[in-house]
Number of protein chains: 2
Amino acid sequence: MPTPAYAELTTRLRHLHLLDTLGHLLGWDEQVNLPPDSADLRAAQQSALAQTSHEAGTHPRLGELLTTLEAAAGLEADQITVVKQSRRDYDRATRLPEAFVKEKAVQASRGYHAWAKARAENDFAAFAPVLEKNLGLAKREAGYLGWAGREYDCMIDLHDPGMTAAAITALFDELKAGLVPLVRAITASPVRPRADLLRGFPVEAQRTFLREVTERLGFDYRRGRIDVSLHPFCSGCGSDIRMTTRFNPDEPLDSLFSSIHETGHGLYEQGLPAAHHGTALGMNAGMGVHESQSRLWENQVGRSRGFWRFFEPRFRELFPAQTAGVSADELYLAINAVAPTLIRVDADEVTYNLHIILRFEIEQQLFAGTLAVRDLPAAWNAAARDLLGLVPDSDRTGVLQDVHWSGGAFGYFPSYCLGNMMAAQLWYRALALRPELEADFARGDFSWLLGWLRREVHAAGRRYAMPELVRRVTGEPLSPQPLLRYLRERYGALYLQ
Amino acid sequence: MPTPAYAELTTRLRHLHLLDTLGHLLGWDEQVNLPPDSADLRAAQQSALAQTSHEAGTHPRLGELLTTLEAAAGLEADQITVVKQSRRDYDRATRLPEAFVKEKAVQASRGYHAWAKARAENDFAAFAPVLEKNLGLAKREAGYLGWAGREYDCMIDLHDPGMTAAAITALFDELKAGLVPLVRAITASPVRPRADLLRGFPVEAQRTFLREVTERLGFDYRRGRIDVSLHPFCSGCGSDIRMTTRFNPDEPLDSLFSSIHETGHGLYEQGLPAAHHGTALGMNAGMGVHESQSRLWENQVGRSRGFWRFFEPRFRELFPAQTAGVSADELYLAINAVAPTLIRVDADEVTYNLHIILRFEIEQQLFAGTLAVRDLPAAWNAAARDLLGLVPDSDRTGVLQDVHWSGGAFGYFPSYCLGNMMAAQLWYRALALRPELEADFARGDFSWLLGWLRREVHAAGRRYAMPELVRRVTGEPLSPQPLLRYLRERYGALYLQ
């Protein structure tokens, strides 16, 4: 039986959560529907909602309830989980001074515009003061939150609770040691995917194929939808998941795989326990775990032979003229094309991780003070040469390429790679439990995998930090070895025979 | 210079307004986008928002500010207008007990479902207790608001501030006296629009035509959009007006005219002074005035010869096969078809007003207690015979046809007819000022009319109640005579020559 204090806490958390979902809907609508001259109104709406939400999230009564519950005896384990997460959110909401929050919001907006201009004009010097200021704000924020001296860990913890820079360094160093030689070998391979293989795919048929694929993977369109936006994303909650994609007749795989990626995010959110939305029991476990779900469906599943055994006939049926001259092997190689590029968002799944390692190492140095902002372009270019074997011809294709730092989002990049590791680790655990998994896929049956993820990952909500969750589900600590094994197996078979 | 108290009031009103716009967006999204199994989440979101908005709208500080400002000397006329409207809203928000508001919301939801079932099963007896209860709630509400003994006036005032049942009775009696014989004469006319004239109009071309028409009338698509929903409506605010329509290949005029109707609403909202959104100065003047704008564009403009002189060539160009056997006169007659029907929402603009008069007379008797709910079907059928010359073959096409009463929306129907009157009165005033108005239309120029409405009606916001606004703009009191004149001129020329 929940105590009255616990019941009141969850009622307040549920209310806060509903206000949050409004913010997400406003954000989705802004990307999908907003009339061009209504940006000011939308900003004012978001600001009014943020004010309201901040008032609800910092209400003194919340603090009283938490203090009461923290001192209470006899709480169940789940209830303790809920109280802990709520304390974390409450402290974060109450410890940041209002003036600081405003300063950060204004700076994020200014920073974005300064970055967009600097990138367009390839002018790092113009962006450097923004980055300095953002670093200063991040350090102050960590101080307010009680992480003085561990500022970068604080940033990481915001995205992946329970993760630290030291733990990530160990994982990434091990990954890098295996990955760099693999990329070198693949790059040296005479096997090359045909460029310009897939051209002129009508958007309507792409839409049909994408809908059939995502529905068969298990996305519930009675509790979600997919629309078009400039950059694909997934937002929403439980019974109302809103994914987006984009279409280009000459890049059918871009639309397809970004949609499968977002479907992975969407399946996770649709699988979180609805009765507990708003508390840690119905909340995703962090960005890395989220990314593990999107990457697993996009890569391990969506780029598998089994998947394409099932979907290739339908693909050819919908695009007969466009696929007439394309053999099954050529198609599969195009789906698994590897080619180092300077641009992270264009990278294949093999080299992608090197882009993340590069950013992680630089962020660490920036926070440690061992790298000055003014020396950043040189450091970036040197790292790109070491890791990718490519040197940016300008900062536009180097240090200025990503939006994240312009808004002060530090500690965010590592999640992508942690997600890749976890995805591969989940994949081999699933294969161990269900060796016929790819044969299922070849029959169009993805239900075993989804059911297993629902039970093992989705149902857990935010009970366990990523490292613990991985250990519980796979029986092993989080490790880069499954990812290396997966990349060697899949890409070795294609490029290194 | 605004006093600090006035500045604080408008800041609070602006915040409240922004929260209201979120509710409208949620409502629009529910009709246009919501995944089918997400209705419960949306209800919870609306409820969380309503709670938040109620807290902001009943904040004691608001009451203090109003008391201060009401006692202040030297407020400008506009400021007094703002304070008065705010007092009206504040009293309404604070005088209704929370338990009553909840009871009413629950009953509205139950009432809707009971009505839908009763209509489907043609079972008035099952709906009668709902209606009894809704009447009781409405009377209690009027009591809370200080309208005891004038309960129906209270309902009317909620929709059209400043209007009373006595004033409407005088207007409607005069209208009825002129309208009933006109309808009889048209019904007896040998002129008959061809049924099934317009068939098989592709939806995409309908969409193109509709967009071109509404854009040329002046709707600003940089500050609004149009989508598809089951029932057409218009919502949103200022820079973000969301209209909807529906498409049926065999009813191209339904989609077109409902879109022009919603465009009229949208033009009004786009024309309200943006700097004053949230206060009476940037607020629409009530439902009747709103309806005057939609009807003016739909009927006086959209069904005029001038309008079709400009748009008919494009209509034929987009639908060459569908219009090949249709003469210009046949098309114009189809656009202005008159045929009494039992169903209000299917009615033409001539007989439509009789449907409203019927409902108004019945609502008055229900509130006066001179008509018992159990006697309602008989009273309805008798009135339908008198006014429309038709007797419902079942309550489904009689007293059960409209949704309004199921949610307790009494005093709402009259606005439709008041809007029709005001539209005609504005029309003749505009013609007096600009006799070449239809010649403008024939050249595709609607800018004079929109400019005049912007200055005379839209810019006024909620400064004047409908009767005063009409007097200021037209120089005459609100009267049914311009509507009668307009119907006689337009429809007499088609049916009574």
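Predicted model, so just to flag it, every value in this text is computed and none were measured. (Residues numbered from 1 in each chain as written. Chains lettered and ligands numbered in written order. Predicted model: local features only at pLDDT ≥ 70, side-chain atom pairs only at ≥ 80, totals over all residues.)

Draft legend 1. Looking closely at the overall build of chain A. In terms of regular secondary structure, chain A is built from 21 helices and 3 strands. Within chain A, the fraction of its 497 residues that count as buried is 41%. (Helix = DSSP H or I, 4+ residues; strand = E, 2+ residues; numbered from the N terminus. Buried ≥ 20, exposed ≤ 12 C-beta atoms within 10 Å, placed from the backbone.)

Draft legend 2. Layout of the sheet that holds strand β3 (residues 240-245) of chain A. Residues and elements named next belong to chain A. With mixed pairing, 3 strands are arranged side by side in an open sheet as β1-β3-β2. Edge positions in the open sheet fall to β1 (224-228) and β2 (234-237), since each of these has one partner strand only. Mean inter-strand twist for the sheet, computed between neighbouring axes without regard to direction, equals 15 degrees. Pairing analysis gives 4 bridges linking β2 to β3, with the strands arranged antiparallel. (Pairing = 2+ DSSP bridges. Axes fitted to C-alpha atoms, helices over the stretch in contact; angles between N-to-C directions.)

Draft legend 3. A look at the sheet that holds strand β2 (residues 234-237) of chain B. All names here are of chain B. The 3 strands lie next to each other as β1-β3-β2, forming an open sheet whose pairing is mixed. Strand pairing shows two members of the sheet lacking a second neighbour, β1 (224-228) and β2, which therefore form its edges. The sheet shows a mean angle of 15 degrees between the axes of neighbouring strands, taken without regard to direction. Here 5 bridges tie β1 to strand β3 (residues 240-245), and the two strands are oriented parallel to one another. Bridging across to β3, R225 finds its partner in R242. In this fold helix α10 (residues 252-271) packs onto β1, β2 and β3, with an angle of close to 165 degrees to the strand it touches most, β3. (Contact = placed C-beta atoms within 7 Å.)

Draft legend 4. A look at the domain arrangement of chain A. All names here are of chain A. Domain annotation for chain A reports domain 1 (4-95) and domain 2 (116-198 + 272-497). Between the C-alpha centres of domain 1 and domain 2 the distance comes to 29 Å. Where the side of domain 1 that touches domain 2 is concerned, the elements lending two or more residues are α1 (4-32) and α4 (77-95). By residue number, the principal contributor to the side of domain 1 that touches domain 2 is α4, which donates 6 residues. Along the lines of polarity and charge, the residues of the side of domain 1 that touches domain 2 split into 3 nonpolar, 4 polar and 4 charged. (Domains from an automatic or database assignment. Nonpolar A, V, L, I, M, F, W, Y, C, P; charged D, E, K, R; others polar.)

Draft legend 5. Seen up close, the packing of helix α9 (residues 203-217) of chain B against helix α12 (residues 305-318) of chain B. All names here are of chain B. With their axes 10 Å apart at the nearest point, α9 and α12 run at an angle of 160 degrees to one another. The angle between the axes of α9 and α12 places the two elements in the roughly antiparallel class. Crossing hand, α9 versus α12: right-handed. Touching A205, T208, F209, E212 and V213 of α9 are F311, R314, F315 and L318, all from α12. Here the residues of the contact of α9 with α12 are counted per class, giving 6 nonpolar, 1 polar and 2 charged. (Parallel < 35°, antiparallel > 145°, perpendicular 65-115°, else oblique. Left-handed = near helix turned anticlockwise from the far one by under 90°.)

Draft legend 6. Region of the structure containing the environment of L179 of chain A. Residue and element names in this part refer to chain A. Topologically, L179 is positioned in helix α8 (residues 165-188). C-alpha separation for the pair L179 and P480, spaced 301 residues apart in sequence, amounts to 9.8 Å. The residues contacting L179, other than those within four sequence positions of it, are N353, L354 and L484.

Draft legend 7. Examining the interface of chain B and chain A more closely. With 26 residues of chain B at the contact, the number on the chain A side is 26 residues. Among the secondary structure elements, those contributing two or more residues to the side of chain B that touches chain A are α1 (4-32), α2 (39-57) and β1 of chain B. Here the side of chain B that touches chain A gets 7 residues from one element, more than from any other, and that element is α1 of chain B. Residue composition of the side of chain B that touches chain A, by class: 11 nonpolar, 9 polar and 6 charged.

Draft legend 8. Seen up close, the relation of the copies chain B and chain A. It takes a turn of 179 degrees to lay chain B on chain A, together with a shift of 0.0 Å along the axis; the resulting RMSD is 0.1 Å. What we have between these two chains is a two-fold relation. (Least-squares fit on C-alpha atoms with pLDDT ≥ 70 in both.)

Draft legend 9. Inspection of helix α3 (residues 60-71) of chain B at higher detail. Here α3 of chain B contains 12 residues, and its C-alpha end-to-end distance of 17 Å stays within 8% of the 16 Å for a straight helix at 1.5 Å per residue. Looking at the buried residues of α3 of chain B, the elements they touch are α1 and α4 (77-95) of chain B. (Expected span 1.5 Å × (residues − 1).)

Draft legend 10. Quick look at the environment of Q401 of chain A. Residue and element names in this part refer to chain A. Mapped onto the elements, Q401 comes out in the loop between α16 (376-388) and α17 (413-433). For Q401 and E132, which are 269 residues apart along the polypeptide, the C-alpha to C-alpha distance reads 17 Å. When near neighbours in sequence (up to four residues on either side) are disregarded, Q401 contacts I343, R344 and R396.

Draft legend 11. Region of interest: the nonpolar core. The biggest cluster of nonpolar side chains holds 86 residues, and the ones touching the most others in it are F127, I357, M421, M422 and M466 of chain A. Residue contributions to this core peak at 11 residues, all from α17 of chain A. The contacts of M422 of chain A, once residues within four sequence positions are left out, are G288, V289, S292, M466, V470 and L478 of chain A. A138, A285, V301 and W427 of chain B belong to the second largest nonpolar core, which has 85 residues in total. (Core = buried A, V, L, I, M, F, W, Y, C linked by C-beta atoms within 7 Å.)

Draft legend 12. Structural view of the packing of α10 of chain B against helix α11 (residues 287-301) of chain B. Residue and element names in this part refer to chain B. Where α10 meets α11, the closest approach of the two axes is 7 Å, and the angle between their N-to-C directions is 135 degrees. Overall, the two elements α10 and α11 adopt an arrangement that is oblique. Like other packed secondary-structure pairs, α10 and α11 cross with a definite hand, here right-handed. In this structure, α10 contributes F257, I260, H261, E262, T263, G264, H265, L267 and Y268 to the contact, and α11 contributes H290, Q293, S294, R295, L296, W297 and E298. Taken together, the residues of the contact of α10 with α11 break down into 6 nonpolar, 7 polar and 3 charged.

Draft legend 13. Just unusual backbone geometry, in detail. Positive phi values are uncommon outside glycine, yet N122 of chain A reaches one of about 50 degrees. Structurally, N122 of chain A can be placed in the loop between α5 (98-120) and α6 (124-144).

Draft legend 14. Structural detail: α9 of chain B. All names here are of chain B. Compared with the 21 Å implied by 1.5 Å per residue over 15 residues, the 21 Å span of α9 between its first and last C-alpha is a close match. Within α9, the full set of buried residues consists of Q206, F209, L210, V213, T214 and L217. End-on view of α9: buried residues confined to an arc of 125 degrees, all on one side of the axis. Exposed side chains of α9 directed beyond 90 degrees from the buried face belong to E204 and E215. In this structure, the buried side of α9 is in contact with β3, α10, α11 and α12. At the C-terminal side of α9, G218 shows a positive phi close to 125 degrees. (Arc of directions from axis to C-beta.)

Draft legend 15. Expanded view of the confidence of the model for chain A. Here chain A averages 96 in pLDDT, while 100% of its residues score no lower than 70. The complex model carries a pTM of 0.94, and its ipTM stands at 0.94. (pLDDT = per-residue confidence, 0-100.)

Draft legend 16. Molecular detail of the environment of R216 of chain A. All names here are of chain A. Here R216 lies in helix α9 (residues 203-217). For R216, a count of 17 C-beta atoms within 10 Å gives the class partly exposed. Expressed as a C-alpha distance, the spacing of R216 and Q293, which sit 77 residues apart in the sequence, is 16 Å. In contact with R216, not counting residues within four places along its chain, are G444 and F446.

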